[in-house]
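# Structure assessment
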Amino acid sequence: MFRGPLLRQFRSIATRAIERPNAQAFYDDQITTFANKAVEPVTLRQLVKFGQPPLSDDSLQACTRYARRELPVRLARRVRAFQSLPFIVGTNPYIKEIYSLYYDSFESLVGYATPGDINDDIDFVERLKDFVERHSDNIPTLAKGFIECKQYMNTQDMARFLDDMIHARIGIRLIAEQTIALMQQKDIKTESVIGIIDTQFKPGQLIKTCAEFVSELCEFNYGQSPEVIIDGHVDTKFKYVPVHLEYILTELLKNAYRATVEHHLKMSRTTSLPPIEITISEGAEDISIRIRDQGNGIGDEDLNKVFDYSYTTVARASEAHDDNDPTSIFRDITEIAMQSGVGGPLAGLGFGLPLARMYARYFGGSLTLVSMSGFGCDVFLKLKHIDDFMAEGLEI
């Protein structure tokens, strides 16, 4: 391992941390040009306004033109962020893979940065679909890279890079997915959905769907699954982005299910599994969701680490199971699924809770965890009503 002065020497070897094989100087120059441009934030209200029914060709074109102009700038800035990493970190194969993905995406979209006709817009949206698909699993890959490189970066620098990267990724995906969704809804009459935003969103229904999904994984992996009790204001509606809440809920429920079953098995109890209780509360300015489990809680020594990147209580499957057990491969697969959500598998990578909190905070919400060691955890999720006043001040 490199230490002291030698490590500092590696960090300063080059201004560009990652060498791109066969990269054309033309694109390197374009990266610099676009990365030096100012980001043009868009408010959530404007994203809604782009698709306000009846959806007109002018509004759709305005949305597409904004995406064509803005996404290359944001992608170029991500490429530059990777290039600023310490040299030895940038050579990690996982991190290099994501760097190349952002570089290739910039190359794919930069040709659409100048306004074009409707046919160009249609072609651009097709490129966006491929872009969104290719980037769907980049967080787990990035996580693996930084876990391997954590000895080469201090915790604060790594957290700062990941915070900026993930925050930027959320904004990029929102712009891309809203553009795609509006193009798809052009000839479809929708009652309450404007792109990826649901103006009459029912969180109770999504909670039930996510709970059923995680329950099936839990049943397959452990042979049993706790009951879920949903109470409170179960019929409440508000304006939100469902895919964001889906990610948050899936992460939180997987933690609750896993902790409940594993603690029950550890104690060798013969009684039924205790239920997971989910309560919905509608306030004047926000929606609150509490998830309560009886999974023994989190010890004081670990409680202040649960939102740190790379911290995890999940044992690696290879350490937990007998390699000679023919059923272990199926357990390994479902254990990975138990730690997967929007953005790919995160088994044992420790990115689930930090990401869930970042998604909650993106629209002005919050995520807090209260542990009763020896009993269980209460997780409190607050989501802001995306009304006109709030949406006007929320820049993406």
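The following paragraphs examine the structure supplied in this document. (Residues numbered from 1 in each chain as written. Predicted model: local features only at pLDDT ≥ 70, side-chain atom pairs only at ≥ 80, totals over all residues. Heavy atoms only, no water.)

Turning our eyes to something else, we now look at the nonpolar core. Formed by 113 residues in total, the largest nonpolar core has its most connected members in Phe82, Phe146 and Phe363. Residue contributions to this core peak at 14 residues, all from helix α9 (residues 155-184). Sequence-distant contacts of Phe146, that is, excluding residues within four places in its chain, are made with Leu85, Val89, Ile95, Met153, Met158, Phe161 and Leu162. (Core = buried A, V, L, I, M, F, W, Y, C linked by side-chain atoms within 4.5 Å. Buried < 20%, exposed > 50% of the residue type's maximum accessible area, 1.4 Å probe, protein only. Helix = DSSP H or I, 4+ residues; strand = E, 2+ residues; numbered from the N terminus. Contact = heavy atoms within 4.5 Å.)

What follows is about the side chain of Asp293. By the secondary structure assignment, Asp293 is in the loop between β6 (286-292) and α12 (300-303). Arg292 is the oppositely charged side chain nearest to the buried, salt-bridge-free Asp293, at an N-O distance of 8.6 Å. At 2.9 Å, the side chain of Asp293 forms a polar contact with the backbone nitrogen of Gly295. (Lys, Arg positive; Asp, Glu negative; His and termini not counted. Salt bridge = Lys/Arg side-chain N within 4 Å of Asp/Glu carboxyl O. Polar contact = N/O pair within 3.5 Å; in protein donor to acceptor, adjacent residues only side chain to side chain.)

The next subject is the side chain of Asn138. Here Asn138 shows up in helix α8 (residues 138-148). The exposure class assigned to Asn138 is buried, which follows from its relative accessible area of 3%. At 2.7 Å, the side chain of Asn138 and the side chain of Arg169 are in polar contact. Excluding residues within four positions of it along the chain, Asn138 makes contact with Ile98, Leu101, Tyr102 and Arg169.

Here we come to the packing of aromatic side chains. Per the stated rule, a full pass over the model turns up twelve aromatic pairs. For the pair Phe82 and Tyr99, a centre-to-centre distance of 6.3 Å together with 65° between the ring planes defines the contact as edge-to-face. Of this pair, Phe82 sits in helix α4 (residues 57-83) while Tyr99 sits in helix α6 (residues 93-109), and the two are 17 residues apart along the sequence. Among the aromatic residues, those joined into a cluster by ring pairs are Phe82, Tyr99, Tyr102, Tyr103, Phe146 and Phe161. Lying across the ring of Phe34, Lys37 places its NZ or CZ 4.2 Å from the centre. Over the ring of Phe307 we find Arg357, and its NZ or CZ is 4.2 Å from the ring centre. (Phe/Tyr/Trp six-rings, centres within 6.5 Å; stacked < 30°, edge-to-face > 60°. Lys NZ or Arg CZ within 6 Å of the ring centre and 35° of its normal.)

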